[in-house]
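# Chains, contacts and geometry: an overview
Residues per chain are reported as follows:
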Amino acid sequence: MISSKAFTFRDNSLSPIWDKVRNGVRLTKEDGLALYASDDLIGLGRMANEVARSKSGDSVYFVLNRKLEPTNVCVLSCKFCDFAVKAGSKEAYEMTLDEMLSKLRPDLHEVHITAGLHPSWPWEFYIDMVREIKTQFPNVDVKAFTAVEIDYFSKKFKKSHEQVLRELYAAGLRTMPGGGAEVFSERVRKELFKQKIGAKTWFDVHKTAHKMGINSNVTMLYGHIETIEERIEHMLRVRECQDETNGFLSFIPLAFQPGNTGIKTRNDFTSAIDDLKTIAVSRLMLDNVPHIKAYWVMLTAEVATIALNFGADDMDGTVGEERIAHDAGAISPMELAKGKLISIIHEAGKLPVERDVWYNPIEIYPAKGTTVVSKMPYLNSVPFYHEFAPALKNIEVAPLMPSVLGRFARLGTVSAGPLSLRDFMSVSDRFDRLEYGIAVKGNAHSVLLFSKYGWSDLKGKRIGITSESSTSIELLRILLEKRHGVHEYEFVKLHPAQIQNNLSDYDAVLLIGDEALRNGELGGIPGFDQMYDLAGEWCSWKELPFVFAVWAIAKDVPAEAKTQITHSLENSLVSSAGHYAEIGREHGKRLGMDDAAVDAYLQTFRYRFGIDEHAAMAEFEMEWESLKRNNRTVPVGHSIAA
Ligand code: SF4
């Protein structure tokens, strides 16, 4: 939910645009042009920063990554490219597989592979490249090959785009980088890179990938010969594709590095003002793209820092070799160490969050004295955050899935949030419980077991389990064991990409939150005939509500911060009452829900706790303890036998 704050602008033309943004009305091409034309840079930044905060709280993401450019030999000669050379040229290089592997380390989380279009490398070499990396570095996720490369493989090796992607996916590729199209303008393409694929093929490749569960990024190269109108049109095309597939993870504006390209004089870099405007306009126009990246290698670390208050919420990564930008004269240092990235993000007044390729948080690094409050990124939690704005500067908000919040609460890096009931049980000696949380008496519609079998036939079956919440897993276990007498089964952790991809290997699948809601609204998952609402099952069995989450604050949080957090929660609940459709509209739209469906869904939850919820929590604890005493709570990934 975007802040309802009214801003005063130096440029009055920004006021109606801000009204549209905060009321969830999409910006038009004319709005985009007006944003670029405005000289109220600070006003633009404030708007974009509010939108970024509504999506990512105070979090700014980075990843421990390494870029690999296995060769600079390319069959094409794009005019702006200072990287590629022809085979046989004295600058040409071609890495062996061993050389590529020697660049990687086990503590990396991402390898980003792009290269020239090599004239003679065989298809098997690309497959081996991905497979070997994944085999030798299982923790490293492979983000590889632009749409230009995928299309080149398709033509050269006579395979469809889908077949190319399927074979790469089977070898270990999980996401795709967003380059290759530069700017989606036919005029620019003809002028600068007429042999390269156009926008249509670029989108065809990405749509194919998204439909297969392969997420991707999308870049925009700006600051060469493109017009402002072409930049806005580029953004609108991205927005349109995202409406269809929801597969883009981030948008990355890339400032053009003139180098020796001859397109501009060598030192004619984009201005810092143009860079900041482009970040801010991207954030405002692309309402459906989750993240905007300030790509520090091309922006410089200094401008990237300011960009974190102009709508960007991602700093990219630690990056190893960046030959493409370097060869064209990028002025950033080659490597920013993790510590440096963290201090840049702190300097920007934000919360550094180390992530994987899908933006799942791996670690967070709050500045000393900061109280981190978790924001549950599900529709059912919107009423808590509608007016959640503690006045203290050292309270920072981070969107975290329930299981991630539980892990950080145990580590002591997050101090408050709606803890999953099971996680609260594990930290109750260090956290105080508030009288707020998420409970339901009846169906919750967002904790669903999709099954090929009835309950009692799940004996000996393989159940795919979301890793998002420990309470839902334990609830399923209690229902299987205690209600339905099923004592033999296997819980298998679902990989995030699998939720969109291939579930047919499982006999049943447990989904929670928005993913469950989306599939439930669609009437279920094809191939799974049964759909069980776990909360509904519990409530009809126990005649009690079910409590999913409990708001709690660490005992060592200063009293002033505790008071602020509690007041802010109370304000949010009071102001959201009676306005559920309005406050959940934007989130509901992403799930395909209209106002009436959003209102009905949110009305099912109890956000304040009373006697019934206390009794329900005690009952759940009693059932779970009894399973534990009988050694029935083995971790996910292990079979459990009678
Ligand atoms: S931009 Fe890509 S396709 Fe074009 S010459 Fe450079 S490496 Fe080759």
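None of these values were measured; they are calculated from a predicted model. (Residues numbered from 1 in each chain as written. Predicted model: local features only at pLDDT ≥ 70, side-chain atom pairs only at ≥ 80, totals over all residues. Heavy atoms only, no water.)

### Considerations on the overall build of the protein chain
Our working definition: In this description a helix means any DSSP run of H or I spanning at least four residues, a strand means any run of E spanning at least two, and both kinds are numbered starting from the N terminus. In this treatment the radius of gyration is a C-alpha quantity, and the globule benchmark scales as 2.2 Å times the residue count to the 0.38 power. Each residue is assigned to one of three classes by its accessible area relative to the maximum for its type, calculated with a 1.4 Å probe on protein chains only: buried under 20%, partly exposed between the two thresholds, exposed over 50%. Here a residue-residue contact requires only that any non-hydrogen atoms of the pair lie within 4.5 Å. When charges are counted, Lys and Arg are positive and Asp and Glu negative, with His and the chain ends excluded. Just so you know, the charge point we use is NZ for Lys, CZ for Arg, CG for Asp and CD for Glu.
The helix and strand tally for the protein chain stands at 27 helices and 23 strands. Whereas a compact globule of 642 residues would reach a radius of gyration of roughly 26 Å, the protein chain reaches 25 Å, a difference of no more than 12%. Each principal axis of the C-alpha distribution contributes one length, and for the protein chain these read about 75 × 60 × 45 Å. Buried positions account for 61% of the 642 residues belonging to the protein chain. Sequence separation of 24 or more characterises 77% of the internal contacts of the protein chain that already satisfy a separation of 6 or more. If you average the places of the 75 positive and of the 86 negative side-chain charges in the protein chain, the two averages end up 2 Å apart.

### Some points on the pattern of salt bridges
Charged atoms that come close allow side chains of opposite charge to pair. We count it as follows: The rule for a salt bridge is simple: a side-chain nitrogen of Lys or Arg has to be within 4 Å of a carboxyl oxygen of Asp or Glu.
Counted by the stated rule, this structure contains 42 salt bridges. The salt bridge partner of Asp-274 is Arg-231, with a shortest N-O separation of 2.9 Å. Of the two residues, Asp-274 is situated in helix H11 (residues 272-285) and Arg-231 in helix H10 (residues 228-245); the sequence distance between them amounts to 43 residues. The same class applies to Asp-274 as to Arg-231, namely buried. The shortest N-O distance in the salt bridge between Lys-293 and Asp-316 comes to 2.9 Å. Here Asp-316 lies in strand S9 (residues 314-317) and Lys-293 lies in the loop between strand S8 (291-292) and helix H12 (296-299), a separation of 23 residues in the sequence. No difference in accessibility class separates Lys-293 from Asp-316, as the two residues are buried.

### Side note on the sheet that holds S8
This is how it is decided: Strands pair, by our definition, only if DSSP identifies at least two bridges between them. Note on definitions: angles span 0 to 180 degrees between N-to-C directions of axes, and those axes are lines fitted to C-alpha atoms, for helices only across the stretch in contact.
Spatial strand order, S2-S3-S4-S5-S6-S7-S8: 7 strands in an open sheet with parallel pairing. In this open sheet, the two edge strands, each paired with only one partner strand, are strand S2 (65-68) and S8. Strand contacts of H10: strand S6 (215-222) and strand S7 (248-255), with the helix running at about 170° to S6, the strand carrying the most contacts.

### A word on the packing of aromatic side chains
Going by this rule: We call Phe, Tyr and Trp rings a pair once their centres come within 6.5 Å, taking the six-membered ring for Trp, and we label the pair stacked below 30 degrees between planes, edge-to-face above 60, and tilted otherwise.
Within the structure shown, the criterion is met by 36 aromatic pairs. Where Trp-202 meets Phe-203, the ring centres are 5.1 Å apart and the plane angle is 85°; that geometry is what we call edge-to-face. Looking at Trp-202, the relative accessible area reads 0%, which means it is buried. The exposure class assigned to Phe-203 is buried, which follows from its relative accessible area of 6%. Measuring from ring centre to ring centre gives 6.1 Å for Trp-202 and Phe-248, while their planes differ by 25°; the resulting arrangement is stacked. Residue Trp-202 is located in helix H9 (residues 199-211), and its partner Phe-248 is located in strand S7; the two are separated by 46 residues in the primary sequence.

### Regarding the nonpolar core
In plain terms, the rule: Only buried residues count toward a nonpolar core, which is a set of Ala, Val, Leu, Ile, Met, Phe, Trp, Tyr and Cys residues joined through side-chain atoms within 4.5 Å.
Core analysis: the largest hydrophobic core is formed by 116 residues, its most contacted members being Met-129 and Phe-145. At 7 residues, the largest contribution of residues to this core is made by helix H5 (residues 123-136). Contact partners of Phe-145, with chain neighbours within four places excluded, come to Ile-113, Tyr-126, Met-129, Val-130, Ile-150, Phe-153, Leu-168, Leu-173, Met-176 and Pro-177. The next biggest cluster of nonpolar side chains, apart from the first, holds 91 residues, and it includes Val-404, Leu-534, Phe-548 and Val-557.

### Examining the pairing of strand S10 (residues 351-355)
Burial analysis of S10 places 5 of its 5 residues in the buried class, which makes it a mostly covered element. Judged by which residues are buried, S10 turns out to be covered on both faces: Leu-351, Val-353 and Arg-355 on one side and Pro-352 and Glu-354 on the other are all buried. Where S10 and strand S11 (residues 361-364) come together, 3 bridges link them in antiparallel fashion. Bridge pairing in S11 links Glu-354 to Glu-363.

### Some details on the sheet that holds S10
Pairing within the open sheet is mixed, and its 4 strands lie in the order S9-S1-S10-S11. At either margin of the open sheet sits one strand with a lone partner, and together these are S9 and S11. Adjacent strand axes in the sheet meet at a mean angle of 30° when their direction is disregarded.

### Here's the deal with the packing of helix H1 (residues 14-22) against helix H2 (residues 29-37)
This is how it is decided: For classification, angles of less than 35 degrees are called roughly parallel, those exceeding 145 degrees roughly antiparallel, those between 65 and 115 degrees roughly perpendicular, and all remaining angles oblique. The crossing is said to be left-handed when, going from far helix to near helix, the turn is anticlockwise and less than a right angle, and right-handed when the turn is clockwise.
Two elements in contact, H1 and H2, have axes separated by 10 Å at closest approach and are oriented at 130°. Classified by the interaxial angle, the pair formed by H1 and H2 is oblique. For H1 against H2, the interelement crossing comes out left-handed. Between H1 and H2, the contacting residues are Leu-14, Ile-17 and Lys-20 on the first element and Asp-31, Ala-34 and Leu-35 on the second.

### Looking at the side chain of Ser-470
Using the following cut-off: We call two N or O atoms a polar contact when they sit within 3.5 Å, provided that within protein one can donate a hydrogen and the other can accept it, with sequence-adjacent residues counted only if both atoms are side-chain atoms.
In this fold, Ser-470 is placed in helix H19 (residues 470-483). Among the polar contacts made by the side chain of Ser-470, one reaches the side chain of Asp-423 at a distance of 3.2 Å. Not counting the four nearest positions on each side in its chain, Ser-470 is found in contact with Ser-420, Arg-422 and Asp-423.

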